[in-house]
Amino acid sequence: MLRSTCVIFNPNAGRLSNIAGVPVSKNLLIATLNQMKVDGWHIEYMQSEKQEDIFDFSKKAVEKGYESIIIVGGDGSMGHASQALINTNTAIGTLPAGSANVWAQQLGLSGLKITNLTALDSSMHKMVNSDIKKMDMGLVNKSPFLFWASFGFDARLVYEVENNRKYRQFTELHYATEAIKELNNWQGVELDLDLDGKKIGGRYSFAVVTNIRRYAGGFVELSPNAVFDDNEMDLWLVNHTDISNTLKNITAFLLGNPENSSDIIRIPFKNLKISAQENLYYQLDGEPQLPQKNYEINVVQKCINVLIPKDSDQTFFMNQ
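Residues numbered from 1 in each chain as written. Predicted model: local features only at pLDDT ≥ 70, side-chain atom pairs only at ≥ 80, totals over all residues. Heavy atoms only, no water.

> How would you sum up the overall build of the chain? Please name residues and give values.
Within the chain one finds 8 helices and 15 strands. By the compact-globule yardstick of 20 Å for 320 residues, the chain fits well, its C-alpha radius of gyration being 19 Å. With the principal axes as the frame, the chain shows a C-alpha extent of 60 × 45 × 30 Å. Counting the 320 residues in the chain, one finds 53% classified as buried. Contacts in the chain between residues at least 24 apart in sequence constitute 70% of all its contacts with a sequence separation of at least 6. A total accessible area of about 14,300 Å² is found for the chain, and carbon and sulfur atoms account for 49% of it. (Helix = DSSP H or I, 4+ residues; strand = E, 2+ residues; numbered from the N terminus. Rg over C-alpha atoms; globule rule 2.2 N^0.38 Å. Buried < 20%, exposed > 50% of the residue type's maximum accessible area, 1.4 Å probe, protein only. Contact = heavy atoms within 4.5 Å. Areas by Shrake-Rupley, 256 points an atom, 1.4 Å probe, with all protein chains shown as cover.)

> Which residues make up unusual backbone geometry, and what values go with them?
A positive phi is found at Asp 196, a non-glycine position, where the angle reads about 50 degrees. Its place among the elements puts Asp 196 in the loop between strand E8 (189-195) and strand E9 (198-210). Located in the positive-phi region is Lys 302, a residue other than glycine, with phi close to 45 degrees. Residue position: Lys 302 is located in strand E15 (residues 287-308). The partly exposed category is assigned to Lys 302, whose relative accessible area is 34%.

> Run through the pairing of E15, naming residues and quoting values.
Looking down a regular strand, the side chains alternate between one sheet face and the other. Where strand E4 (residues 91-96) meets E15, 2 bridges bridge the pair, whose relative direction is parallel. By the bridge assignment for E15, Ile 92 is matched with Val 306. Here strand E5 (residues 131-140) pairs with E15 via 9 bridges, running antiparallel. Paired with Asp 131 across the strands is Ile 308, a residue of E15. The sheet contact formed by strand E14 (residues 271-284) and E15 spans 9 bridges and is antiparallel. Bridging across to E15, Asn 271 finds its partner in Asn 298. Hairpin connection, E14 to E15: the antiparallel pair is bridged by 2 residues, and Asp 285 has positive phi, about 50 degrees. (Pairing = 2+ DSSP bridges.)

> So what about the packing of aromatic side chains? Which residues, and what values?
Throughout the structure, instances matching the rule amount to 9 aromatic pairs. Pairing Trp 103 with Phe 228 gives two aromatic rings, centres 5.9 Å apart and planes at 50 degrees, and the pair type is tilted. Here the residue Trp 103 occupies a position in helix H4 (residues 102-107), and Phe 228 occupies one in the loop between strand E11 (220-221) and strand E12 (233-239), the gap between them amounting to 125 residues. Phe 228 matches Trp 103 in its accessibility class, with the two residues each being buried. Summarising the aromatic geometry, the rings of Phe 228 and Phe 316 are spaced 4.7 Å apart at their centres and angled 25 degrees between planes, so their arrangement reads as stacked. Here Phe 228, found in the loop between E11 and E12, pairs with Phe 316, found in the segment after E15; they are 88 residues apart in sequence, far enough to count as distant. Considered together, Phe 228 and Phe 316 belong to a single accessibility category, that of buried residues. An aromatic cluster of three or more residues is present, and its members are Trp 103, Phe 147, Trp 148, Tyr 215, Phe 228, Phe 316 and Phe 317. (Phe/Tyr/Trp six-rings, centres within 6.5 Å; stacked < 30°, edge-to-face > 60°.)

> Please set out the packing of helix H2 (residues 51-63) against helix H3 (residues 75-82) residue by residue, giving values where relevant.
Running from N to C, H2 and H3 point in directions that differ by 45 degrees, and their axes come no closer than 7 Å. The orientation of H2 relative to H3 falls into the category oblique. Crossing handedness for the pair H2 and H3: right-handed. Touching Gln 51, Ile 54, Phe 55 and Ser 58 of H2 are Ser 77, His 80 and Ala 81, all from H3. Split by residue class, the contact of H2 with H3 holds 3 nonpolar, 4 polar and no charged. (Axes fitted to C-alpha atoms, helices over the stretch in contact; angles between N-to-C directions. Parallel < 35°, antiparallel > 145°, perpendicular 65-115°, else oblique. Left-handed = near helix turned anticlockwise from the far one by under 90°. Nonpolar A, V, L, I, M, F, W, Y, C, P; charged D, E, K, R; others polar.)

> Describe the side chain of Asn 305, naming the residues involved and giving the relevant values.
Take Asn 305: it is sitting in strand E15. Note on Asn 305: relative accessible area 6%, which makes it buried. For Asn 305, the side chain forms a polar contact with the side chain of Lys 134, separated by 3.1 Å. Beyond its immediate sequence surroundings of up to four residues, Asn 305 is in contact with Thr 88, Asn 89, Thr 90, Ala 91, Ile 92, Ile 132, Lys 133 and Lys 134. (Polar contact = N/O pair within 3.5 Å; in protein donor to acceptor, adjacent residues only side chain to side chain.)

Set out below in structure tokens:
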């Protein structure tokens, strides 16, 4: 059992960050941490003001020799922190306080919401009794990601939504509204791809690289057999012809049965190159990035330690 940890809180994450001027998530977190201190824990608490702080705080935690850091936020916060932990002995865990918390859903942790105000307490109990596992990460043009990278239509949606967070209480509705608005004008993207030496190409609605099983706010189990430390990731490609066909494919995607569509293909890979004729929207762990034309994606095996609750699915990892 862990007895000390560095807790990094993103006060801007999630629907309960500020309700009528009350920082609900922070108040609940402080109550949880105070109880842990009563129970004999040593906790260093850090609160970010901007995204870059999460990386910087995580790096400091590594330098101080902490066995673990626990991120209180969402998937984007986890992604920022993980970049500082590559090839270190410090493990990363989460108290899900973001809007979607897909990684937490993957691990069976309940997210903080108005109908579950004890989520931080229950998640902390699971985190401090977790196993430590080694997990793969991905690099996109040498920039790390922990869960996903995507290119094209869905990355465009992430760009629009995440850069306009005034609708934080209605994230799913905001995504749906943007999808309807963007879909009418979306022409797809022409891509050339090289997957471990195999070259393919075509016009696609979007391309998704996933390291875990869940996607799209956790509603979709996109790669149900994904293993988190097997030195492979899945590339999902969605062919683009016209709006009606794209809508059909997106529906198949969201219903969790993409392999039933002839226009959607899955290709496992270790190394991938993507070239576009024009700047291509992309996102890493739910965070929008500046568009580029050329990308190289590499899988780095077992390069980060993660805290995995003991009651999580044992098939997530190989024989660790």
